[in-house]
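Single-letter residue listing:
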Amino acid sequence: MTPPSIVRTNTAELYDAYVMKSYARAPLTLVRGSGVSVWDDTGREYLDFTSGVAVSALGHCHPAWVAAIRHQAGELIHTSNLFRHPLQGELARRLVQQAGPGRVFFCNSGAEANEGLLKLARLHGLKKSGVEGKCIKVIGAHWAFHGRTFGGMSATPQEKIQKGFRPLLSGFAFGELNNVPSFAELIDEDTAAIFVETVQGEGGIKVCTDEFLWGLRQLCDRHNLLLMLDEVQSGLGRTGAFYAFQPSGVRADAIGMAKGLGGGYPIGAFWAAEKHADLFTPGSHGSTFGGTPLACAAALAVLDTLERENLIAKVAANGAAWKTELEKLAADFPRQVKAVTGRGYMLGIALHADPAPCLAALRESGLLVPSAGGNTIRLLPPLIATPEHLTRATALIRGVLATKAPV
Ligand SMILES: *Cc1c(COP(=O)(O)O)cnc(C)c1O
């Protein structure tokens, strides 16, 4: 591996002076990445199990992905959606192949994909009731996270997200994850959709059980509701399946995706099943940058690489073995670790106390990981991470748990 180029600037001061203070950032300036590693501006290497928050699916600068972007940048980068481009058509075909018969709309982010789903729910409600603004209720889950737009925030019942921005959109209600009756009792004649993350990410790596998904499917069938799944974080191989809901065998009516889709190049999308896809008609939705040739080239390189390197099956197998190792950790440190949750390369270590000191200690020892709700350490290695990388991370986590005083 070639040594990183060391860049020394006054980056910290520039951030202090000019960048909006909307993030609690780690005191770290990253300048280069390759595979599972990133380097800071002092030349120090870190094992990156943040992956840009589940975005850099192929790790950093995967050669096939870089080559696809380089090539497309010299062909055609942007055209707007007033014209066709072959790569957008092909990417849509590949996503439909996984999701089932239906259609795809391209956008730029997770929040924007979810906005599309919420607009789809409104159109479904209009079709159902015949009255605009009547049948608009969307039932979501406590601890959900669906993004920072007004629609996304309204679907995210967390004080820290909503505070300061009310009034939000009306028509949202929330049940308990994995508790079908708590959803059933919220349904009324004005309900249009049920909307959940298949695996809650920001809220603390909580997996929807198969029984729960089947229960929601039944409710949606019985009451003519859309079952909308937010796969923005859990999708595109992250949990060891293309979409996290697939192993359950449940069919969704609509799916939101983004994070891993472009492997680090921004692209989002939502899919709607055939029956609902024509609710959007010309002029009813749009996005200037949605699905540019460059974004689609990046996403197709991700999909091709997932297939060529058989990464999704590897994530399933390696992730299961890794979870067993982490559960041993939990057994060894019961006063610090409450539980290990998740699937594939989307795992959480729920602690009994605030994980912030642990995250800082892990960073000091060379492992970058994000936190999540419920005092959770989130583990999101790139999908190219090998069992050796996972074992290295486990050893670093063990080291930190061993030196931290139990709570
Ligand atoms: C990250 C995330 C979003 C928001 O995505 P952005 O690209 O940040 O807008 C929405 N839903 C889920 C489940 C997410 O993890």
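Residues numbered from 1 in each chain as written. Predicted model: local features only at pLDDT ≥ 70, side-chain atom pairs only at ≥ 80, totals over all residues. Heavy atoms only, no water.

1. A closer look at the nonpolar core
Soluble, globular proteins show a tendency: their nonpolar side chains are buried together. Grouped together as the largest cluster of nonpolar side chains are 81 residues, with contacts concentrated most on Leu95 and Ile194. Counting residues per element, this core draws most heavily on helix 11 (residues 293-308), at 10 residues. For Ile194, the contacting residues outside a window of four places in its chain are Ile139, Phe183, Leu216, Leu219, Cys220, Leu225, Leu226, Leu227 and Met228. Residues Cys135, Ala192, Ala193 and Phe195 belong to the second largest nonpolar core, which totals 20 residues. (Core = buried A, V, L, I, M, F, W, Y, C linked by side-chain atoms within 4.5 Å. Buried < 20%, exposed > 50% of the residue type's maximum accessible area, 1.4 Å probe, protein only. Helix = DSSP H or I, 4+ residues; strand = E, 2+ residues; numbered from the N terminus. Contact = heavy atoms within 4.5 Å.)

2. Considering the domain arrangement of the protein chain
Buried accessible area, meaning the area lost when the parts come together, often serves as the stated size of an interface. Domain annotation for the protein chain reports domain 1 (5-62 + 310-403) and domain 2 (66-308). When each unit is reduced to the centre of its C-alpha atoms, the spacing between domain 1 and domain 2 is 26 Å. Listed by partner, the interface residues are 31 residues for domain 1 and 31 residues for domain 2. Taken together, both faces of the contact between domain 1 and domain 2 bury some 2,400 Å²; the carbon and sulfur share is 61%. The interface formed by domain 1 and domain 2 includes 1 salt bridge. With its nearest N and O atoms 3.1 Å apart, the salt bridge here joins Glu202 to Arg378. Of all elements in the fold, only helix 2 (51-54), helix 12 (311-332), strand 13 (337-343), strand 14 (346-351) and strand 17 (376-379) reach the threshold of two or more residues within the side of domain 1 that touches domain 2. No other element matches helix 12, which puts 4 residues into the side of domain 1 that touches domain 2. Split into classes, the residues belonging to the side of domain 1 that touches domain 2 amount to 18 nonpolar, 11 polar and 2 charged. (Domains from an automatic or database assignment. Buried area = accessible area lost by both parts, 1.4 Å probe. Salt bridge = Lys/Arg side-chain N within 4 Å of Asp/Glu carboxyl O. Nonpolar A, V, L, I, M, F, W, Y, C, P; charged D, E, K, R; others polar.)

3. Some details on the site of the ligand
Neighbouring the ligand are 13 residues, the closest being Gly110, Ala111, Asp230, Gln233 and Lys259. At 2.7 Å from an oxygen atom of the ligand is found a side-chain nitrogen or oxygen belonging to Gln233. Here the ligand has 380 Å² of accessible area as a free molecule, and 82% of this is covered by the chains. Residue contributions to the shell around the ligand peak at 3 residues, all from helix 5 (residues 110-129). For the shell around the ligand, the residue count by class is 3 nonpolar, 6 polar and 4 charged. (Near = heavy atom within 4 Å. Polar contact = N/O pair within 3.5 Å; in protein donor to acceptor, adjacent residues only side chain to side chain. Areas by Shrake-Rupley, 256 points an atom, 1.4 Å probe, with all protein chains shown as cover.)

4. Topic: the sheet that holds strand 15 (residues 367-368)
Pairing in this open sheet of 4 strands is mixed, and the strands run 1-2-3-15 from one edge to the other. Two strands in the sheet have a free side with no partner beyond their single neighbour: strand 1 (30-34) and strand 15. Direction of pairing for strand 1 relative to strand 2 (residues 37-40): antiparallel, over a ladder of 4 bridges. Across the sheet, residue Gly33 finds its bridge partner in strand 2, namely Val38. (Pairing = 2+ DSSP bridges.)

5. A few points about the pattern of salt bridges
A complete count under the given rule lists 14 salt bridges for this structure. With a closest N to O distance of 2.7 Å, Glu159 and Arg166 form a salt bridge. Given the relative accessible area of 45%, Glu159 is considered partly exposed. In this structure, Asp253 and Arg217 form a salt bridge, with 3.0 Å as the shortest nitrogen-oxygen distance. A residue pair is termed long-range when its members are at least 10 positions apart, and Asp253 in the loop between strand 10 (226-230) and strand 11 (254-257) and Arg217 in helix 9 (residues 210-223) qualify at 36 residues. Look at Asp253 and you get buried, because its relative accessible area is 8%. For Arg217, a relative accessible area of 10% gives the class buried. Residues joined by salt bridges that share partners form a network here, namely Glu90, Arg93, Arg94, Asp304 and Glu307.

6. Thoughts on the side chain of Thr305
Mapped onto the secondary structure, Thr305 falls in helix 11. For Thr305, the residues in contact, after removing those within four places along its chain, are Leu58, His62, Ala64, Asn310 and Leu311.

7. Thoughts on the packing of helix 3 (residues 63-73) against helix 11
Contact geometry for helix 3 and helix 11: axes closest at 9 Å, N-to-C directions at 155 degrees. When the axes of helix 3 and helix 11 are compared, the pair comes out roughly antiparallel. The crossing of helix 3 and helix 11 is right-handed. Residues Ala64, Trp65, Ala68, Ile69, Gln72 and Ala73 of helix 3 lie in contact with helix 11, whose contacting residues are Pro293, Leu294, Ala297, Ala298, Ala301, Val302, Thr305 and Arg308. When the residues that make up the contact of helix 3 with helix 11 are grouped by side-chain class, the tally is 11 nonpolar, 2 polar and 1 charged. (Axes fitted to C-alpha atoms, helices over the stretch in contact; angles between N-to-C directions. Parallel < 35°, antiparallel > 145°, perpendicular 65-115°, else oblique. Left-handed = near helix turned anticlockwise from the far one by under 90°.)

8. Some points on a nonpolar patch on the surface
On the surface, a nonpolar cluster with roughly 570 Å² of combined accessible area is contributed by Leu14, Tyr15, Tyr18, Val19 and Met20. Counting through the fold element by element, Val19 comes out in the loop between helix 1 (11-18) and strand 1. (Patch = residues over 30% accessible without salt bridge, like charges linked within 9 Å, V, L, I, M, F, W, Y side chains within 5 Å.)

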